[in-house]
Amino acid sequence: VYNDNRWLPGAIDSVLTQGHPDWEIVVGDNASTEEIEPIVLGYNDPRIRYHRWDTHVPIDENFNRTALLTRYPWVQLLSADDRLRPGCLERIAGAIESWPPTAGRLAMVLTACRRVDEDGRSADHVWYGTRRRLEVATGVYDAPAWFDVHLRDGHPPWNLGSVVVARTVIDESGGFFRPEVGLSCDVELSLRAAAYGSVMYIDEPLLDFMVRPDAD
């Protein structure tokens, strides 16, 4: 988070209302000028941790350094203005827990999302513009099949916030994001993870991704 104290409580609340209880929130404060710490400490929940960084860095680098503070085997990035929808963590955790050990490594689980404006209304017309929403079937994809998905014409139905990556993949592949990729670093992440194991996609909108003119 960088500032955005108007939106941060809603993001935290969306995690607290999940039925799946086994999680942690690590809030990485990117040297905000707004008061972020009192908001986080006000929850008084040991599963919620706050860390303020002394220097301000680009958004992708802040995500990278904050991800390294996590202690769980799966990492899910959540921006301050995005919201987990009901059942999100249960659905993702259920997919992970049902993964058979004989099937090899599961590297990433991701779901579809809704694009919404600041009032919670659909922002599909803004986000997708003249390109259609890419239709992706629920299922398990190996690296070639997942690469083929990215080659189709259309915008992916997922977005950061509904993407969960194995911590071992993050460590082995050089970080959550590769900042040198630039604006496409989120797409690069979803491609790179498939090189380290299988990808499970869930075609259910389990995240509200906010589309704001003043956001990164």
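Computed from a prediction, not measured in an experiment: that's the story for all the values here. (Residues numbered from 1 in each chain as written. Predicted model: local features only at pLDDT ≥ 70, side-chain atom pairs only at ≥ 80, totals over all residues. Heavy atoms only, no water.)

**Examining unusual backbone geometry**
Right, on to step 1. Here the phi dihedral of asparagine 3 falls at roughly 55°; this positive angle occurs in a residue that is not glycine.
Right, on to step 2. Inspection of the secondary structure puts asparagine 3 in the segment before helix H1 (8–16).
Right, on to step 3. Backbone geometry at asparagine 44 places phi at a positive 50°, although glycine is not the residue there.
Right, on to step 4. Looking at the element boundaries, asparagine 44 is found in the loop between helix H2 (37–41) and strand E2 (48–52). (Helix = DSSP H or I, 4+ residues; strand = E, 2+ residues; numbered from the N terminus.)

**Describing the packing of aromatic side chains**
Two numbers describe a pair of aromatic rings. These are the distance of the centres and the angle of the planes.
Right, on to step 1. For the coordinates displayed, the defined rule picks out 5 aromatic pairs.
Right, on to step 2. Arranged with centres 5.1 Å apart and planes meeting at 25°, the rings of tryptophan 146 and tryptophan 158 form a pair that is stacked. Placement of tryptophan 146 in helix H6 (residues 143–151) and of tryptophan 158 in the loop between H6 and strand E7 (163–166) is noted, with a sequence separation of 12 residues between them.
Right, on to step 3. The exposure class assigned to tryptophan 146 is buried, which follows from its relative accessible area of 0%.
Right, on to step 4. Taking the relative accessible area as the measure of exposure, tryptophan 158 reaches 8% and is therefore buried. (Phe/Tyr/Trp six-rings, centres within 6.5 Å; stacked < 30°, edge-to-face > 60°. Buried < 20%, exposed > 50% of the residue type's maximum accessible area, 1.4 Å probe, protein only.)

**Brief notes about the pattern of salt bridges**
Right, on to step 1. Considering all chains together, one arrives at 19 salt bridges under this definition.
Right, on to step 2. Between arginine 121 and aspartate 119 there is a salt bridge; the shortest N-O distance is 3.2 Å.
Right, on to step 3. Here arginine 133 makes a salt bridge to aspartate 203, at a shortest N to O gap of 3.4 Å. Here the residue arginine 133 occupies a position in the loop between helix H5 (124–127) and strand E6 (139–141), and aspartate 203 occupies one in strand E8 (residues 198–210), the gap between them amounting to 70 residues.
Right, on to step 4. According to the relative accessible area criterion, aspartate 203 is partly exposed, its value standing at 30%.
Right, on to step 5. Connected through salt bridges with shared partners, the residues Asp4, Asp81 and Arg212 form a single ionic network. (Salt bridge = Lys/Arg side-chain N within 4 Å of Asp/Glu carboxyl O.)

**Points about the nonpolar core**
Right, on to step 1. Counting residues in hydrophobic clusters, the biggest one holds 29 residues, and the most contacted among them are Ile25 and Val109.
Right, on to step 2. Those elements giving two or more residues to this core turn out to be H1, strand E1 (25–29), helix H4 (88–97), strand E5 (106–116) and E8.
Right, on to step 3. If we skip the residues at most four places from it in the chain, isoleucine 25 touches Ile12, Val15, Arg47, Ile48 and Arg49.
Right, on to step 4. With 28 residues, the next largest nonpolar core counts Trp158, Val163, Ile170 and Leu189 among its residues. (Core = buried A, V, L, I, M, F, W, Y, C linked by side-chain atoms within 4.5 Å. Contact = heavy atoms within 4.5 Å.)

**Section: the state of the cysteines**
Right, on to step 1. Under the definition given, this model contains 0 disulfides.
Right, on to step 2. Summary of cysteine pairing: cysteine 185 is not part of a disulfide, and the nearest cysteine sulfur, belonging to cysteine 113, is at 16 Å.
Right, on to step 3. On the accessibility criterion, cysteine 185 (9% relative accessible area) is buried. (Disulfide = S-S within 2.5 Å.)

**Describing the side chain of arginine 167**
Right, on to step 1. Topologically, arginine 167 is positioned in helix H7 (residues 167–173).
Right, on to step 2. In this view, arginine 167 contacts Ala67, Leu68, Thr70, Tyr72, Pro73, Trp74 and Val75; residues no more than four positions away in its chain are not counted.

Honestly, it's all geometry; don't read function into it.
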